[in-house]
Amino acid sequence: MGEQPSTRDTDAVRETFLEFQRERGHVILPRASLVPHDDPTTLFTGSGMQPLLRYLEGAEHPDGPRLADSQPCLRSQDLDEVGDDRHTTFFEMLGNWSLGDYGKEEQLRSVWELLVVRLGLDPSRLYVSCFGGDDTYDLPRDDESAAVWKDLFAAAGIEGTVADLGTLERAGEIGSDGARICFYGRKNWWCRGDSMERMPLGDPGGTDSEMFYLFPSLAHNPAYGARCHPNCDCGRYVEIGNSDFMSYQRTEDGFAPLPRHNVDFGGGLERIAAAVIDSPDVFRTSLLWPLVQRLEERSGVGYDDATAAFRVVADHVRGATFLAVDGVVPSNKAQGYVLRRLVRRAMRKAHELGLDEDFVGGLVPTVAGLYRDAYPEVEQRRDEVVATLAAEERKFRRTLERGLAHVRSYEGRTVTGADLFAWKDTYGFPVELSLEEVRAESLALDPDWQHQLDDLVREQRERSRAATKKEHL
Ligand code: ATP
Ligand code: MG
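A short tour of the structure in this document, coming up. Going along each chain's sequence as written, the residues are numbered from 1 onward. Think of it this way: whatever chain is written first is A, whatever ligand is written first is 1, and the rest follow in order. The model is predicted, so local features are restricted to residues of pLDDT at least 70 and side-chain atom pairs to those at 80 or more, both for listing and for counting; the totals for chains, interfaces and linings are taken over all residues. Neither water nor hydrogens contribute to the side-chain values; these are computed over all heavy atoms in the structure.

### Thoughts on the packing of aromatic side chains
Right, on to step 1. In this scheme Phe, Tyr and Trp rings, the latter by its six-membered ring, pair at centre separations within 6.5 Å, and the angle between planes marks the pair as stacked below 30 degrees, edge-to-face above 60, and tilted otherwise. By the definition in use, this model includes 16 aromatic pairs.
Right, on to step 2. Aromatic pair Phe90 and Phe322: ring centres 4.3 Å apart, planes at 25°, arrangement stacked. Taken together, the residues span a long stretch of sequence, with Phe90 in strand β3 (residues 90–99) and Phe322 in helix α8 (residues 307–325) at a distance of 232 residues. Each member of the pair, Phe90 together with Phe322, is buried.
Right, on to step 3. Look at Phe131 and Trp189: their rings are 5.5 Å apart centre to centre, the planes differ by 55°, and that puts the pair in the tilted class. Highlighted residues: Phe131 in strand β4 (residues 126–131) and Trp189 in strand β7 (residues 189–191), separated in sequence by 58 residues. By the burial criterion, Phe131 is buried, and Trp189 matches it.
Right, on to step 4. Ring pairs connect the aromatic residues Phe131, Tyr137, Trp189, Tyr248 and Phe255, which therefore count as one cluster.
Right, on to step 5. Look at NZ for Lys and CZ for Arg. If either is within 6 Å of the ring centre and within 35 degrees of the ring normal, a charge sits over the ring. For Arg413, the ring lying beneath its charged end belongs to Tyr410, and the centroid distance is 4.1 Å. For the purposes of this entry, the term helix denotes a DSSP run of H or I that reaches at least four residues, the term strand denotes a run of E that reaches at least two, and both are numbered from the N terminus. Each residue is assigned to one of three classes by its accessible area relative to the maximum for its type, calculated with a 1.4 Å probe on protein chains only: buried under 20%, partly exposed between the two thresholds, exposed over 50%.

In structure tokens form, the structure reads like this:
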């Protein structure tokens, strides 16, 4: 069984951050719902800045130009990453904002003070990235941020060595060789959407500067690139926070400076807490470890023996709980479907730990207890949430058992798209779980399965459309 982490470490980090921002004249905002109410373009609140977007775009905020909070986030796009030591679908993002108030230098100095002075992180394990410039749009390198970082490192007796790494691909080839300040290209350009080219006219954008905490005892994994650097996915360097400097606006032929410059900081609460307890594993922090421990007790399996399964179950149950608290109910579309996926995948992974009877609802009270002070609404809505999630669990239990049995009966045969379709259509077993099982059992999968499946889904849709037409004749 794993070691015990220090208790309540994560609450202490949250409180320290909010108190620090209060001292610096920030108004602390209440959390927004995980389900954005006025933004149809996205299913979930996935960052602290998302609920504040219109203020970052120029609207006056009633609480003034200095704002901060700890915002619960849900990233369904990270669902498949869960299992490693630093990604969860649900997490809290510590955020502070300057709406045309302080700038780059004050922001970077304050993050340093927070991490090194207030939270006691070892400065010799901190590394940063900055924007390296862009030729296409004639944007300069962010030497201003680099100079501030250099100065902060120097004051701690550390040489602010620099590496110019360019693209992520190039960075993986040449490595950063332990440089403190790493320049990357577009990796350090912040904008909404996915690329500079596709930014809508008038959209704000700008450079950003990330901070990483090094776990030197971890070995570099060359599967992620020949050589290591702060953005390498091997996990030696963990990204703990990011300061965006929103100071440009997209124009017809490039970028023009915005009249008002904003700062947007986002730092992962669980990741910062993990750095504070000197563990690369966010699941060892006080908002996740008690869930791992309950699962250890109930299953008799040790965390070290089935780490990924423990992580998926702990994360998904916590995320599902918060979604239900924020009013999401399991269904076949939108937010409800993501909730359903979290519960089903948690059940699938719990099965690996030998937990095959009601457990989702059993873990909800543990989640509620962990958030009693920070988010009392979890405790208040506890019974409702237990009822919702337990009903979903009961409904899927038999389907899960039958589905797994079907997939496993294919040992020695090749699973085709038609099989995946039949398991879904006849037994309600989701394709993504079938695929996961096929992989886990190392079964052969027809290389053309995706086409086969798509064709069957299309035919089915056309059949049901024809049937609806007839009904209406
Ligand atoms: P990564 O590259 O590690 O996935 P990111 O670039 O997606 O991180 P940002 O979008 O910049 O991260 O989010 C701000 C901060 O939120 C990160 O610095 C990190 O500390 C935290 N964070 C992001 N994604 C997750 C996650 N899935 N689980 C926990 N913390 C996260
Ligand atoms: Mg990410």
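### Comments concerning the site of ligand 1
Right, on to step 1. In the vicinity of ligand 1 there are 14 residues, among which Asp78, His87, Thr88, Glu239 and Arg271 approach most closely.
Right, on to step 2. At a separation of 2.8 Å, an oxygen atom of ligand 1 approaches a polar side-chain atom of His87.
Right, on to step 3. Taking Gly241, its main chain carries an N or O atom lying 3.4 Å from an oxygen atom of ligand 1.
Right, on to step 4. Coverage of ligand 1 by the protein amounts to 81% of the 580 Å² it exposes when considered alone.
Right, on to step 5. The set of elements that each furnish at least two residues to the shell around ligand 1 consists of β3, β9 (237–251) and β10 (254–268).
Right, on to step 6. Residues were grouped as follows: Ala, Val, Leu, Ile, Met, Phe, Trp, Tyr, Cys and Pro as nonpolar; Asp, Glu, Lys and Arg as charged; and all remaining residues, including Gly, as polar. A per-class count over the shell around ligand 1 returns 3 nonpolar, 6 polar and 5 charged. Any residue with a heavy atom lying within 4 Å of a molecule or strand is counted as near it. Each polar contact in these results corresponds to two N or O atoms within 3.5 Å; when the atoms are within protein, one needs to be able to donate a hydrogen and the other to accept it, and residues that are neighboring in sequence are counted only if both atoms are side-chain atoms. The Shrake-Rupley method, run with a 1.4 Å probe sphere, supplies the accessible areas, and residue values consider only the shown protein chains as cover.

### Some points on the pattern of salt bridges
Proximity of charged atoms lets side chains of opposite charge pair with each other.
Right, on to step 1. A carboxyl oxygen of Asp or Glu within 4 Å of a side-chain nitrogen of Lys or Arg is what we treat as a salt bridge. In the structure shown here, the tally under the stated rule is 44 salt bridges.
Right, on to step 2. The closest approach of N and O atoms between Glu23 and Arg118, which form a salt bridge, is 3.0 Å. Residue Glu23 is found in helix α1 (residues 9–23), and its partner Arg118 is found in helix α3 (residues 104–118); the two are separated by 95 residues along the sequence.
Right, on to step 3. Accessibility expressed as a relative area gives 33% for Arg118, which makes it partly exposed.

Without other data, these values stay purely geometric and don't point to any function.
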